[in-house]
Amino acid sequence: MKLILLGAPGAGKGTQAEIISETYKIPTISTGNIIRAALKEGTEMGLKAKAYTEKGELVPDEIVIGIIKERLSEPDCNGGFILDGFPRTIPQAEALDNMGIAVDAALSIEVEDSEIVKRMSGRRVCEKCGASYHTEYKKPQKDGICNACGGNLVIRKDDEPETVLNRLSVYHEQTEPLKDYYNKQNKLLIVEGQDDVKDTTALVLKAISEI
Ligand code: AMP
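Keep in mind that what you see is a predicted model, and the values were worked out from it rather than measured.

Draft legend 1. Representation of the site of the ligand within the structure. Lining the immediate environment of the ligand, one finds 16 residues, of which Thr31, Glu57, Gly85, Gln92 and Arg167 sit closest. Separating a nitrogen atom of the ligand from a side-chain N or O atom of Thr31 is a distance of 2.8 Å. Arg167 places a polar side-chain atom, nitrogen or oxygen, 2.8 Å from an oxygen atom of the ligand. Here the ligand has 480 Å² of accessible area as a free molecule, and 95% of this is covered by the chains. With four residues, the single largest contributor to the shell around the ligand is helix 2 (residues 31-41).

Draft legend 2. Summary view of the nonpolar core. If you look at the biggest cluster of nonpolar residues, it comprises 25 residues, and the most contacted ones within it are Ile4, Leu72, Leu83, Leu96 and Tyr182. Mapped by element, the contributors of at least two residues to this core are strand 1 (2-6), helix 4 (61-72), strand 3 (81-84), helix 5 (90-98) and helix 8 (177-184). For this core, the leading source of residues is helix 4, giving six residues. Judged by nonpolar contacts, the second largest core, of 21 residues, contains Ala17, Met120, Leu168 and Ala207.

Draft legend 3. Quick look at helix 2. Taken residue by residue, helix 2 has Thr31, Ile35 and Ala38 as its buried positions. Taken end-on, helix 2 shows its buried residues confined to a sector of 60°, consistent with a single buried face. For helix 2, the exposed residues lying more than 90 degrees away from the buried face are Lys40 and Glu41. Next to the buried residues of helix 2 lie strand 2 (28-30), helix 3 (44-55), helix 4 and strand 3.

Draft legend 4. Spotlight on the pairing of strand 1. When you tally the buried positions in strand 1, you get four out of five residues, the bulk of the element. Pairing between strand 1 and strand 3: four bridges, direction parallel. Considered in strand 3, the bridge of Leu3 is made with Ile82. Both strand 1 and strand 4 (residues 105-110) contribute to a ladder of four bridges, which runs parallel. The partner of Leu5 across the bridge, within strand 4, is Leu107.

Draft legend 5. Representation of the pattern of salt bridges within the structure. A full pass over the atoms with the stated rule returns 16 salt bridges. Close ionic contact of Lys138 with Glu18 constitutes a salt bridge, the shortest N to O distance being 3.9 Å. Taken together, the positions of Lys138 in the loop between strand 6 (132-134) and strand 7 (153-154) and Glu18 in helix 1 (residues 13-24) put the pair 120 residues apart, joining distant regions of the chain. With relative accessibility at 29%, the residue Lys138 sits in the partly exposed group. Overall, the relative accessible area of 38% leaves Glu18 in the partly exposed class. The partner of Lys179 in a salt bridge is Glu176, and the shortest N-O contact between them spans 3.2 Å.

Draft legend 6. A look at the side chain of Arg119. Checked against the element boundaries, Arg119 lands in helix 6 (residues 113-121). You can call Arg119 buried: its relative accessible area is 11%. The contact partners of Arg119, leaving out residues within four places of it in the chain, are Gly10, Ala11, Gly12, Val111, His134, Tyr137 and Gln194.

Draft legend 7. A look at the state of the cysteines. One pass over the full model with this rule turns up zero disulfides. Not part of a disulfide, Cys146 finds its nearest cysteine sulfur in Cys129, a span of 3.8 Å. When its relative accessible area of 4% is taken as the criterion, Cys146 is described as buried. Here Cys149 stays free of any disulfide, with the sulfur of Cys126 as its closest cysteine sulfur at 3.5 Å.

Draft legend 8. Up close: the sheet that holds strand 4. Spatial strand order, 2-3-1-4-8: five strands in an open sheet with parallel pairing. This sheet does not close on itself; its edge strands, each paired only once, are strand 2 and strand 8 (188-192). Across the sheet, the axes of successive neighbouring strands diverge by a mean angle of 25°, strand direction being ignored.

What counts, and at which threshold
Residues numbered from 1 in each chain as written. Predicted model: local features only at pLDDT ≥ 70, side-chain atom pairs only at ≥ 80, totals over all residues. Heavy atoms only, no water. Near = heavy atom within 4 Å. Polar contact = N/O pair within 3.5 Å; in protein donor to acceptor, adjacent residues only side chain to side chain. Areas by Shrake-Rupley, 256 points an atom, 1.4 Å probe, with all protein chains shown as cover. Helix = DSSP H or I, 4+ residues; strand = E, 2+ residues; numbered from the N terminus. Core = buried A, V, L, I, M, F, W, Y, C linked by side-chain atoms within 4.5 Å. Buried < 20%, exposed > 50% of the residue type's maximum accessible area, 1.4 Å probe, protein only. Arc of directions from axis to C-beta. Contact = heavy atoms within 4.5 Å. Pairing = 2+ DSSP bridges. Salt bridge = Lys/Arg side-chain N within 4 Å of Asp/Glu carboxyl O. Disulfide = S-S within 2.5 Å. Axes fitted to C-alpha atoms, helices over the stretch in contact; angles between N-to-C directions.

So, in C-alpha cells, the structure goes:
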C-alpha cells in the first residue's frame, strides 16, 4: 500500500502513521522527521531548512522533493509506504506523479483549527529519539521522560503558539488544495479526527481497509 496522510499540523498524522505502519508492516516516511534529524546533525540540508522550519514555513519544494526521491529509492519502500507530511504543495504532488509513483489513496484527517491549537500546546517530543507524546492524550509513563529511550521530553520550537498559527495558515493556503488534487484522481479519503486517538484510529483503519 502506498498511502499519503494529509491533515493540518497537529491533526494526529504522526500517531496514526505509526499505527498503520505497524499494522501493514510498511515504513512511514516523515519529511519533518528527516529535516529535524538533518538540523540536529547540522548537515548542509539541515542548515538550509533551519530558518523555514523555525518560522513554521515550508522548506522549498526542491529540497523536500530531493529528500523524498532519495528516501523512496531505498529497498524498504518496495513493499509500500506511508508519507507523513509530504506532499505539502501542488508542485510536490506533481513531482511524486512525475516520479511514476502512483499512490493508492490520500487520507485526510480533519480537525478544527481551534482544537489543533489546544492539542499542540500539550505536544512534547523526545529530544533523543523523536517519539511524540501529549500531556493530556498520550502521557509518557514517567513525566517528562520518553518511554522508548529515556530521553527528555521537550516542546518542539515550531510547536510554540505563534508558530502554530503560522503553520495553520500555511496549511490552509498551500496544502489544503491537495485535497482537491487527489479528489480529482478519485483517491481522497476523509476521516474526521476524534477526541480519542483510538476512535480516530478505528476510522482510519476502516477507511484504509476499503481501498
Ligand atoms: P512536520 O513535522 O511534518 O510538521 O514538519 C515540520 C516542518 O518541516 C514543517 O513546518 C516545514 O517547515 C518542514 N517540512 C516538512 N515536510 C515538508 C514538506 N513536504 N514541504 C515543505 N516543508 C516541509
